[in-house]
2 protein chains.
Amino acid sequence: MTAEILSVGTELLMGNIVNTNAQYISQKLCDLGINCYFQTTVGDNHDRLVSAVELALSRADLLILTGGLGPTADDLTKETIADAFGRDLILDPASEEHIRMRFARMGRDMTPNNLKQAMFPRGCIIMPNPNGTAPGCIVEDGVKAAILLPGPPKEMAPMFDASVMPYLEKRSGIMLHSRVVRVFGMGESEVEYRLRDLMEHQSNPTIAPYALSGEMKLRVTARCKSRAEGEIMIAPLIERIKATLGSVVYSTNDQELHEVCAALLKEHNATLAVAESCTGGMIASKLVSVPGISESFIEGSVTYSNEAKMNRLGVKCETLSAYTAVSAETAREMAEGIRRTSGASYGLATTGIAGPDGGTAERPVGLVYIAIAGKAETMVRELHLTGGRERIRNMASLYALDLLRRCFLSDSSNC
Amino acid sequence: MTAEILSVGTELLMGNIVNTNAQYISQKLCDLGINCYFQTTVGDNHDRLVSAVELALSRADLLILTGGLGPTADDLTKETIADAFGRDLILDPASEEHIRMRFARMGRDMTPNNLKQAMFPRGCIIMPNPNGTAPGCIVEDGVKAAILLPGPPKEMAPMFDASVMPYLEKRSGIMLHSRVVRVFGMGESEVEYRLRDLMEHQSNPTIAPYALSGEMKLRVTARCKSRAEGEIMIAPLIERIKATLGSVVYSTNDQELHEVCAALLKEHNATLAVAESCTGGMIASKLVSVPGISESFIEGSVTYSNEAKMNRLGVKCETLSAYTAVSAETAREMAEGIRRTSGASYGLATTGIAGPDGGTAERPVGLVYIAIAGKAETMVRELHLTGGRERIRNMASLYALDLLRRCFLSDSSNC
C-alpha cells in the first residue's frame, strides 16, 4: 500500500507555520510499513487543490489530507474530495449537534456557516474531533481512500491516533505497539555499534534510533495482533538493550531525565536542593515542570556571583581564590553547602564556563564541573562540553541530573 | 514571478525530521512578493525526483531545492537539475579546495566520494557554504532558474540569507528591509484593532502580526532600493506603532523580554536578584542565557517550599499561615527578602498555583502573584493565567520580567 500526504493551507505556503503534521503522519505511516513517496503542500485554491488531489490519487492508494475543513468559503477539502469520489455532501446530524454543543459550552453564538463543518461526502466514515469543531472523515471507493483531517496539530494528532491508526491497522492488517527507550551519556555511533547485532537482524520488532540534543531515543516497535502480544514481543528486546548498553539506559517508557529523577526521589523518600552557577536555574526549572515535585524538591539557589556562592552556600573565599569559581573544589563546596543549609538528602551543584566569553586556553568555554553531595560522599565530575551557550547549559543540566540518577543505582554508596 | 519549493530527502518522507526549510524559504518568498503555490517533498529516488522536477518547472519560473547535495550515491539533486537544464557536471577547483581544507581542519581524511560535492552543472553560479562541505548553486537558462541548497537547516538558512536573497532581490528588482517590534501584555485582537488604520492602508512598508505564546511580534517590512532607504521608510511607522500601542511595546529590534531586561539593568548600573516559587528557576534561566549577565544578576533563589521561603528570604511564618504561600503578602515579602539578603537594587518574586493539582474554587490553578521590590517601593500584581503547567509558568515569568522592565520607564518611581 502506498500513501501520499497533502497539506492544505495558504498559511503553510506563506511560511507562517511549520508543517509538523506531515512529519507526524509520515512517522506513523513508516511504522505501519506504508510507503509514502510524496508530500505536497497546496494553498486554499480550488483549481490547484483539484490538480494536487488528482495527481496524488493517480499515484497512491491512500491520500491523507490535513486542513481545509473549517467553516469559511476558503475551506475546500471536503468539496474537492467529494467531487473526486463522485459523491455529494450531506448533513450529519450528530456532527451538527457536536458543533452546536461546543459553541454553547464556549458561550458563543454559532454563525450559520459553521454548519458547513457538519457536511460530509455521502457514505463516508466520520471521525469525531474532541479538540475542535471540525470532525474528520474517511472516503473510500473499494480501491482508493482519502482521509481528511483538521489542520491544527492539537486536533489532528489525537484524531490520527484515535481514529486513523485503528483504520490503517485494520486496512493493512497490521497493529503496532511501541515503547521508547532513552539513553544518556553514550554517543549515537557507539549506541548503534553496540546494538548492531540486534539492529541488523531486526524485522519484527524493530529498533529505530533517534538522536536528540545530547541524548538518544530508541523506539522499539512490534507489528502484532494485540497490544498484549506486542508487549510480549517487545519486553525481551528491551531487556537485551538494557543488558547491552548498561546504566546509560535511563528510561524504558519515554520519560525525560528530570521526570526519572523526580520519580526516584519520591520512591526513595529523598529530598533534593540544587545550587546552580552556569546552568542558572535550568535544573530547578526542569524539576519544577514535574507536577507534585514540591514533596522532594526543597529549594534551588542560582549563585551566579562569587558573593552569592559564599553568602548562600558557604563556599570558602580561599577556595574561590585558590581554585577559581569554575573548579572541582568549588563545585564540591557548592553541593555540600546547599545540602547543609537546606537540610536536603542530596545537594546538586554546577559551575562552568558557558561562553561565549570567559574562556582561556587552559580553561576553555565548555569546561563545567558538576557535583552531588549525598549522605555517604560527594562526587564531582569534570565535563568538556561543546557548542553554544544554551547547548552547554542544557548538557550541563542533563549531566547533573544523570549524576543524581546514578545515586539511586544499586551499586551507589550514596543510595 | 512564481516559485516552488522541492525538499529532497527520504528522512523527510519517513518523518525523522520536520521540514523547517520549507517554512523558512516560504516566508522569505512571501516577503519578496514571489508567489509560491506548491511545496513538494520527495525521497532520494531518481525517477520520482525527475518527475517532481519536471512538474515543478512546468508550473513555476523558479525552483528552490533543498537536500541531496551530499557525497553519497543517494544524493541526486545536482545530477537531476543538470539533466533538466541540459548541462553536464564539471569540477569546480575552488569548491574542491574548500572541501579539502574543511577535512584538514577537522583532522579527518577526505574520502574520494567527497569530491562529488565539488561537481556542478556547467555555467552555474556557485554559492559558498561556510557551515558545511557542500556548496550550493543556481542554474539559469534565461527563462527558468533552479536554486540548489543543502538540506541541514544550519547550512541552508545562512546560505539563503547570504547568497539567495541578493540573487532574488536582483532578479525581482526588489530589496527588503525589515524590523520586528515585540509586544507584551496586550491581546492579539486588541493589537490588531488598534493598528487597524495603519494595517488597512498598508502597501509599503507592510505590518505583519505574529502571535507567539503570550506575546506578539509585528514584522515591519519595506520594499526598497537600499537598506538605508528601507530604514528611512520603516522608522516613522515604528514610531507610530509605539505611539499607538504605548508601553506594551518592549522592543523594536526583535529582542526578547529577558534580553531587554538584561540591557536595561546594565544601562542603569542596577543589579537584580530573583526569588521564584511557581516559576521555579525559569526567570533565572532566561536571564542567565544572556552572555555577560553576571555583572547585573546577583543571584536567584528557587524557594519552592515554605521552609525555604522562611529560611532563605525571611518570609514570616505568620504571613504564610494567615495568607498562604500564594498571596500578595507572601510575594511582597519574597521580593523584599531577596532584595535585602542579596544586596541587589531590585528583588523580583513569583508565587502561584501552576497546577495541574493544588487549585480550589476560590484559589484556582493559574492564580499567580508577582512582586518587585525597588528602592522606592514594592509593587505586587495578581495574575489569572490559563493553560497547562508549563504555559502558566512561562507566562508568569514573562509578566515578572515585564514588571521589572516597567521599573525603568520614565514615569516609574522605582527607576
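Given the structure is predicted, the values throughout are model-derived calculations rather than measurements. (Residues numbered from 1 in each chain as written. Chains lettered and ligands numbered in written order. Predicted model: local features only at pLDDT ≥ 70, side-chain atom pairs only at ≥ 80, totals over all residues. Heavy atoms only, no water.)

1. Quick look at the overall build of chain A
Next up, step 1: From N to C terminus, chain A includes 15 helices and 17 strands.
Next up, step 2: In terms of overall dimensions, chain A has C-alpha extents of about 85 × 55 × 45 Å along its principal axes.
Next up, step 3: Counting contacts in chain A only where the partners sit at least 6 residues apart, residues at least 24 apart contribute 67% of the total.
Next up, step 4: Counting every atom, chain A has about 17,300 Å² of accessible surface; 51% of that belongs to carbon and sulfur. (Helix = DSSP H or I, 4+ residues; strand = E, 2+ residues; numbered from the N terminus. Contact = heavy atoms within 4.5 Å. Areas by Shrake-Rupley, 256 points an atom, 1.4 Å probe, with all protein chains shown as cover.)

2. Describing the interface of chain A and chain B
Next up, step 1: Each partner contributes to the interface: chain A provides 58 residues, whereas chain B provides 58 residues.
Next up, step 2: Taken together, the two surfaces of chain A and chain B that pack against each other cover about 4,500 Å², and 55% of this comes from carbon and sulfur.
Next up, step 3: Across the contact surface, chain A and chain B share two salt bridges.
Next up, step 4: Between the two partners, chain A and chain B, sit 25 residue pairs in polar contact (both at pLDDT 80 or more).
Next up, step 5: Ranked by the residues each element gives to the side of chain A that touches chain B, the list is headed by strand β2 (residues 35–42) of chain A, at seven residues. (Buried area = accessible area lost by both parts, 1.4 Å probe. Salt bridge = Lys/Arg side-chain N within 4 Å of Asp/Glu carboxyl O. Polar contact = N/O pair within 3.5 Å; in protein donor to acceptor, adjacent residues only side chain to side chain.)

3. Digging into the pairing of strand β16 (residues 367–373) of chain A
Residue and element names in this part refer to chain A.
Next up, step 1: For β16, the tally of buried residues reaches seven of seven residues, placing the bulk of the element in the interior.
Next up, step 2: Judged by which residues are buried, β16 turns out to be covered on both faces: Leu-367, Tyr-369, Ala-371 and Ala-373 on one side and Val-368, Ile-370 and Ile-372 on the other are all buried.
Next up, step 3: Where strand β15 (residues 346–352) lies against β16, six bridges are found, and the strand directions are antiparallel. Across the sheet, the residue bridging to Ala-349 is Ala-371, located in β16.
Next up, step 4: Pairing geometry for β16 and strand β17 (residues 378–384), over seven bridges, is antiparallel. Paired with Ala-373 across the bridge in β17 is Thr-378.
Next up, step 5: Counting the residues between successive antiparallel strands, the hairpin from β16 to β17 contains four residues. (Buried < 20%, exposed > 50% of the residue type's maximum accessible area, 1.4 Å probe, protein only. Pairing = 2+ DSSP bridges.)

4. Topic: the packing of aromatic side chains
Next up, step 1: Applying the stated criterion across every chain, the model contains eight aromatic pairs over all chains.
Next up, step 2: Sitting over the ring of A:Phe38, A:Arg59 keeps its end group 3.7 Å from the ring centre.
Next up, step 3: The ring centre of A:Tyr37 lies 3.6 Å from the NZ or CZ of B:Arg48, which sits over that ring. (Phe/Tyr/Trp six-rings, centres within 6.5 Å; stacked < 30°, edge-to-face > 60°. Lys NZ or Arg CZ within 6 Å of the ring centre and 35° of its normal.)

5. Points about the sheet that holds strand β11 (residues 215–224) of chain B
All names here are of chain B.
Next up, step 1: Read across the open sheet, the four strands follow the order β10-β11-β9-β12; overall the sheet is antiparallel. Looking along the sheet, the strands with just one partner apiece sit at the ends: β10 (206–211) and β12 (249–251). Along the sheet, successive strands turn relative to each other by an average axial angle of 35°, direction set aside.
Next up, step 2: Of the pairings in the sheet, the one linking strand β9 (residues 175–184) to β12 comprises two bridges and is antiparallel in character. Paired with Arg-182 across the bridge in β12 is Ser-251. (Axes fitted to C-alpha atoms, helices over the stretch in contact; angles between N-to-C directions.)

6. Quick look at the packing of helix α10 (residues 257–267) of chain B against helix α15 (residues 389–406) of chain B
Residues and elements named next belong to chain B.
Next up, step 1: Direction vectors running N to C along α10 and α15 enclose 30°, while the axes themselves pass 9 Å from each other. In terms of orientation, α10 lies roughly parallel with respect to α15. You can see that α10 and α15 cross each other, and the crossing is left-handed. When α10 is examined against α15, the residues Leu-257, His-258, Val-260, Cys-261, Leu-264 and Leu-265 are found in contact with a partner set consisting of Leu-398, Leu-401, Asp-402, Leu-404 and Arg-405. (Parallel < 35°, antiparallel > 145°, perpendicular 65-115°, else oblique. Left-handed = near helix turned anticlockwise from the far one by under 90°.)

7. Some thoughts on the pattern of salt bridges
Next up, step 1: Counting across every chain of the model gives 38 salt bridges over all chains.
Next up, step 2: With a shortest N-O distance of 3.5 Å, A:Glu333 and A:Lys316 are connected by a salt bridge. You can see A:Glu333 sitting in helix α14 (residues 328–342) and its partner A:Lys316 sitting in the loop between α12 (306–313) and α13 (317–323), a full 17 residues away along the chain.
Next up, step 3: Judged by relative accessible area, which is 15%, A:Glu333 ranks as buried.
Next up, step 4: Between B:Glu96 and B:Arg100 there is a salt bridge, and its shortest N-O distance comes to 3.0 Å. Here B:Glu96 and its partner B:Arg100 are both found in helix α5 (residues 93–106), four residues apart, which amounts to about one turn of the helix.
Next up, step 5: In this structure B:Arg100 comes out as partly exposed when scored by relative accessible area, which is 40%.
Next up, step 6: It is possible to trace a salt-bridge network through shared partners that takes in A:Arg182, A:Glu215, A:Lys217 and A:Asp254.

8. Quick look at the state of the cysteines
All names here are of chain A.
Next up, step 1: This structure, assessed with the given rule, holds zero disulfides over all chains.
Next up, step 2: Here Cys-30 is not cross-linked by a disulfide; its sulfur's nearest cysteine counterpart is in Cys-36, at 9.6 Å.
Next up, step 3: Given a relative accessible area of 30%, Cys-30 falls into the partly exposed group.
Next up, step 4: No disulfide involves Cys-278; its sulfur sits 17 Å from that of Cys-261, the nearest cysteine. (Disulfide = S-S within 2.5 Å.)

9. Some thoughts on the confidence of the model for chain A
Next up, step 1: Here chain A shows a mean pLDDT of 93. Residues at 70 or above account for 100%.
Next up, step 2: Predicted as a complex, the structure gets a pTM of 0.81 and an ipTM equal to 0.78. (pLDDT = per-residue confidence, 0-100.)

10. Structural notes on the environment of A:Ser58
All names here are of chain A.
Next up, step 1: Locating Ser-58 in the fold gives a position in helix α3 (residues 46–59).
Next up, step 2: With a relative accessible area of 54%, Ser-58 lands in the exposed category.
Next up, step 3: In sequence terms Ser-58 and Asn-16 are 42 residues apart; their C-alpha atoms lie 30 Å from each other.
Next up, step 4: For Ser-58, the side chain forms a polar contact with the main-chain oxygen of Leu-55, separated by 2.6 Å.

11. Digging into the side chain of B:Arg312
Next up, step 1: Position of B:Arg312 among the secondary structure elements: in helix α12 (residues 306–313).
Next up, step 2: One polar contact links B:Arg312 to A:Thr341, side chain to side chain, over a distance of 2.4 Å.
Next up, step 3: Not counting residues within four places of it along the chain, the set of residues in contact with B:Arg312 comprises A:Glu299, A:Arg312, A:Ile338, A:Thr341, A:Ser342, B:Ser301, B:Thr303, B:Glu307 and B:Thr341.

12. Let's talk about the relation of the copies chain A and chain B
Next up, step 1: When chain A is fitted to chain B, the best match, at an RMSD of 0.2 Å, comes from turning it 180° and sliding it 0.2 Å along the axis. What the rotation and shift describe, once combined, is the action of a two-fold rotation axis.
Next up, step 2: Looking at chain A, 100% of its interface residues are interface residues in chain B too, so the copies touch through the same face. (Least-squares fit on C-alpha atoms with pLDDT ≥ 70 in both.)

13. Observations regarding the environment of A:Cys261
Residues and elements named next belong to chain A.
Next up, step 1: Tracing the chain through its elements places Cys-261 in helix α10 (residues 257–267).
Next up, step 2: Taking the C-alpha atoms as reference, Cys-261 lies 9.6 Å from Tyr-250; in sequence the two are 11 residues apart.
Next up, step 3: Apart from residues no more than four positions distant in its own chain, Cys-261 is found in contact with Leu-287, Leu-401, Leu-404 and Arg-405.

14. Remarks on the sheet that holds strand β13 (residues 272–276) of chain A
Next up, step 1: Spatially, the 10 strands line up as an open sheet ordered β17(A)-β16(A)-β15(A)-β13(A)-β14(A)-β14(B)-β13(B)-β15(B)-β16(B)-β17(B), and their pairing is mixed. Edge positions in the open sheet fall to β17 of chain A together with β17 (378–384) of chain B, since each of these has one partner strand only. Each strand of the sheet is rotated relative to its neighbour by a mean of 10°, with strand direction disregarded.
Next up, step 2: Across five bridges, the pairing between strand β13 (residues 272–276) of chain B and strand β14 (residues 297–302) of chain B is parallel. Residue B:Leu272 lies in a different strand from β14(B), and its bridge partner there is B:Phe297.

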